[in-house]
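Letter by letter, the chains look like this.
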Amino acid sequence: MQSLLSYVESNKDRYLSELKGLLAIPSVSTNPENSEDIRRCAGWMADHMKTIGLQNVEIFPTPGHPIVYGDWLKAPGKPTVLLYGHYDVQPPEPLDLWTSPPFEATIRDGNLFARGASDDKGQVFIHLKSLEAYLRNGGDLPINIKLLIEGEEEIGSDNLEAFVREKKELLKSDLVLISDSSMFAKGVPSICYGLRGLAYMQIDLVGPNKDLHSGSFGGTVHNPIQALSEIIAQLHDRNGKVTIPGFYTGVLPLTKKERNAYKKLPWSDRKYAKELGVEKLYGEKGFTTLERVWARPTLECNGIWGGFTGEGAKTVLPSKASAKISMRLVPNQSSAKAAKLFEKHVRKIAPKSVKVTIRNLHGGEPAITPIDGPGVQAAVSALEKGFGKKPLYQREGGSIPIVVQFKELLGIDTVLLGFGLPDENAHAPDEFINLDNFFGGIRTSLHFFNELPHFIKAHGKKR
Ligand code: BES
Ligand code: ZN
């Protein structure tokens with residue numbers, strides 16, 4: 001282990017320049033204009049896997065963006081880890097809010113800034129460098145590993161399910177390892193055991209059949225922007241609860257144990273509000289901030305548009321208005337059901353004065369992962385060695401749609417080992433990965449692979 005750690009130590013600069021190359025590719029999965037970049041990024045991943053000594057590297061096309069696979073299976077009798085991550089990124093817009101360009105990775109104050117630095121290229125790269133250290137120093141891994149790096153996570157992983165269904169044998173493993181989440185705070189490593197699901201909707205309203213002079217026509221027809229605002233305003237009540245009938249049906253309640261554990265975490269609402277620049281926090285009454293984001297379902301408007309938004313003033317009564325609205329879901333809710341309830345309710349409350357189209361853009365299911373297995377024990381021990389501190393347990397508000405399918409289709413549990421930070425601006429301008437976390441992540445990954453066989457063996461004996 002010592003020689004691996006010093007190998008990492010002496011290759012830091014090379015790692016960063018390689019990572020900058022990966023981050024230079026604008027692999028924005030939601031934008032059709034970037035499909036060539038997506039393909040280039042898949043190629044970069046595959047080439048890099050080969051370079052570090054992985055085998056059977058293959059790019060699998062899908063009806064959407066390609067999936068990159070590679071493995072190293074020369075440790076007979078040892079456990080097999082399925083390492084999942086994604087090479088696609090969220091759109092970088094608004095570009096003018098970036099301090100340095102999103103696809104020119106730049107280091108400032110110990111952080112590496114670029115779109116995908118943390119979510120998720122940087123975190124995938126952490127494990128690639130850990131594997132490289134093993135394969136270049138003696139040439140063997142203490143485990144077998146299969147890598148599955150997809151290009152559609154940020155748009156709901158729609159084509160990955162079919163791939164997993166079809167390639168059960170290829171993907172057969174003992175546990176899934178994912179680094180695509182955050183630590184609780186800087187210097188506070190954590191193991192994540194819960195993710196929310198998602199149902200992402202779009203509402204399009206059409207009022208009059210063309211844009212109208214707001215003087216000549218104002219007061220005669222329902223402005224679709226107003227109608228849309230009225231609909232959106234009705235989706236929450238005074239207590240911050242979502243008003244869609246049936247929305248909370250079946251929601252898995254927080255256990256007493258969880259509520260007590262969350263209360264003990266180092267958390268301050270005041271500090272949180274201050275960091276976000278708000279006077280007052282908002283949310284469902286009766287739950288703490290951490291409970292609301294980790295274990296309660298919510299509804300957010302992601303974007304709203306219509307009418308005139310340019311410089312200056314234009315007096316117009318627009319024909320159209322639209323909004324993108326997402327619901328975060330918690331265990332025992334289903335994305336398809338939430339989408340149905342949403343559609344039914346919005347149709348019901350929409351006024352007759354406008355035409356309504358509702359679309360379900362994509363979704364993902366919520367997940368809870370077990371924390372008593374050998375994978376998590378190995379992760380606890382590895383984090384302690386990598387960051388010098390025992391991790392705490394937390395859930396997350398974000399979603400990784402494939403986690404539930406790994407369990408359902410392959411029967412394997414996932415270990416969520418996040419190296420991001422809650423304030424790293426994922427999905428926003430100035431996304432970054434903290435370099436201490438990046439290198440701490442590589443050390444943790446080295447220890448994790450090293451210790452996993454031992455924990456799995458001990459766990460098997462106990463049972
Ligand atoms: N890395 C995130 C998931 C995440 C976010 C985990 C925050 C923990 C905390 C992932 O890349 C992501 O953003 N997923 C999407 C999935 C969606 C499009 C189905 C998300 O959560 O919005
Ligand atoms: Zn993301």
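Criteria and cut-off values
- Residues numbered from 1 in each chain as written.
- Chains lettered and ligands numbered in written order.
- Predicted model: local features only at pLDDT ≥ 70, side-chain atom pairs only at ≥ 80, totals over all residues.
- Heavy atoms only, no water.
- Pairing = 2+ DSSP bridges.
- Helix = DSSP H or I, 4+ residues; strand = E, 2+ residues; numbered from the N terminus.
- Axes fitted to C-alpha atoms, helices over the stretch in contact; angles between N-to-C directions.
- Phe/Tyr/Trp six-rings, centres within 6.5 Å; stacked < 30°, edge-to-face > 60°.
- Buried < 20%, exposed > 50% of the residue type's maximum accessible area, 1.4 Å probe, protein only.
- Lys NZ or Arg CZ within 6 Å of the ring centre and 35° of its normal.
- Parallel < 35°, antiparallel > 145°, perpendicular 65-115°, else oblique.
- Contact = heavy atoms within 4.5 Å.
- Nonpolar A, V, L, I, M, F, W, Y, C, P; charged D, E, K, R; others polar.
- Polar contact = N/O pair within 3.5 Å; in protein donor to acceptor, adjacent residues only side chain to side chain.
- Donors = N, O, S within 2.8 Å, 3.2 Å for Na, K, Ca; no water.
- Tetrahedral: all angles 85-135°; square planar, octahedral: opposite > 155°, others 65-115°.
- Core = buried A, V, L, I, M, F, W, Y, C linked by side-chain atoms within 4.5 Å.

Caption draft 1: View of the sheet that holds strand S4 (residues 106-108). Read across the sheet, three strands follow the order S4-S5-S19 without closing on themselves; strand pairing throughout is antiparallel. Lying at the two open borders of the sheet, with one neighbouring strand each, are S4 and strand S19 (432-434). Adjacent strand axes in the sheet meet at a mean angle of 25 degrees when their direction is disregarded. Where S4 meets strand S5 (residues 111-113), three bridges bridge the pair, whose relative direction is antiparallel. Of the residues in S5, the one forming a bridge with Ile 107 is Leu 112.

Caption draft 2: Just the packing of aromatic side chains, in detail. Taken as a whole and judged by the stated rule, the model has 13 aromatic pairs. The interplanar angle of 50 degrees and the centroid separation of 6.3 Å between the aromatic rings of Trp 44 and Phe 125 together place this pair among those described as tilted. In this pair, Trp 44 is assigned in helix H3 (residues 35-51) and Phe 125 in helix H4 (residues 121-136), connecting sequence segments 81 residues apart. Phe 125 gets classed as buried once you look at its relative accessible area, which sits at 0%. Grouping aromatic residues by their ring pairs yields a cluster made of Phe 184, Tyr 262, Trp 267, Tyr 272 and Trp 294. Over the ring of Phe 113 we find Arg 108, and its NZ or CZ is 4.0 Å from the ring centre. Above the face of the Tyr 248 ring, Lys 241 is positioned so that its terminal group lies 5.4 Å from the ring centre.

Caption draft 3: Expanded view of the packing of H3 against H4. It is at 10 Å that the axes of H3 and H4 come closest, and there the two elements cross at 20 degrees. Put simply, H3 runs roughly parallel to H4. Packed against H3, whose contacting residues are Cys 41, Trp 44, Met 45, His 48, Met 49 and Thr 51, the element H4 presents Lys 121, Val 124, Phe 125, Leu 128, Lys 129 and Arg 136 at the interface. Classifying every residue of the contact of H3 with H4 by side-chain character gives seven nonpolar, two polar and three charged.

Caption draft 4: The arrangement of the side chain of Ser 381 in detail. In this structure, Ser 381 sits in helix H13 (residues 374-387). Given the relative accessible area of 14%, Ser 381 is considered buried. A polar contact is formed between the side chain of Ser 381 and the side chain of Glu 451, at a distance of 2.4 Å. Beyond its immediate stretch of four places on either side in the chain, Ser 381 contacts Glu 451 and Phe 455.

Caption draft 5: How the structure looks around the coordination of the zinc ion (ligand 2). On the protein side, the zinc ion (ligand 2) has Asp 119 (OD), Glu 154 (OE), Glu 154 (OE) and His 427 (NE2) as donor atoms, found 2.0 to 2.6 Å from it. Around the zinc ion (ligand 2), the six donor atoms sit at angles spanning 54 to 157 degrees, and that spread fits a shape best called irregular. Along the chain, the residues donating to the zinc ion (ligand 2) are arranged with the sequence spacing D-x34-E-x272-H. With Glu 154 in the loop between strand S6 (144-150) and helix H5 (160-166) and His 427 in the loop between strand S18 (414-416) and S19, the pair connects residues that are 273 residues apart, well separated along the chain. Residue Glu 154 is classed as buried on the basis of its relative accessible area of 13%. Take His 427: its relative accessible area is 40%, and that puts it in the partly exposed class.

Caption draft 6: Representation of the nonpolar core in the model. With 65 residues, the main nonpolar core has Leu 54, Ile 145, Leu 177, Phe 438, Phe 448 and Phe 449 as its most contacted residues. In terms of residue count, helix H15 (residues 435-462) provides more of this core than any other element does, nine residues in total. In contact with Phe 449, not counting residues within four places along its chain, are Val 81, His 127, Ser 130, Leu 131, Tyr 134, Pro 142, Ile 143, Ile 145 and Leu 177. Counting residues in hydrophobic clusters, the runner-up holds 28 residues, among them Met 201, Ala 350, Val 354 and Val 356.

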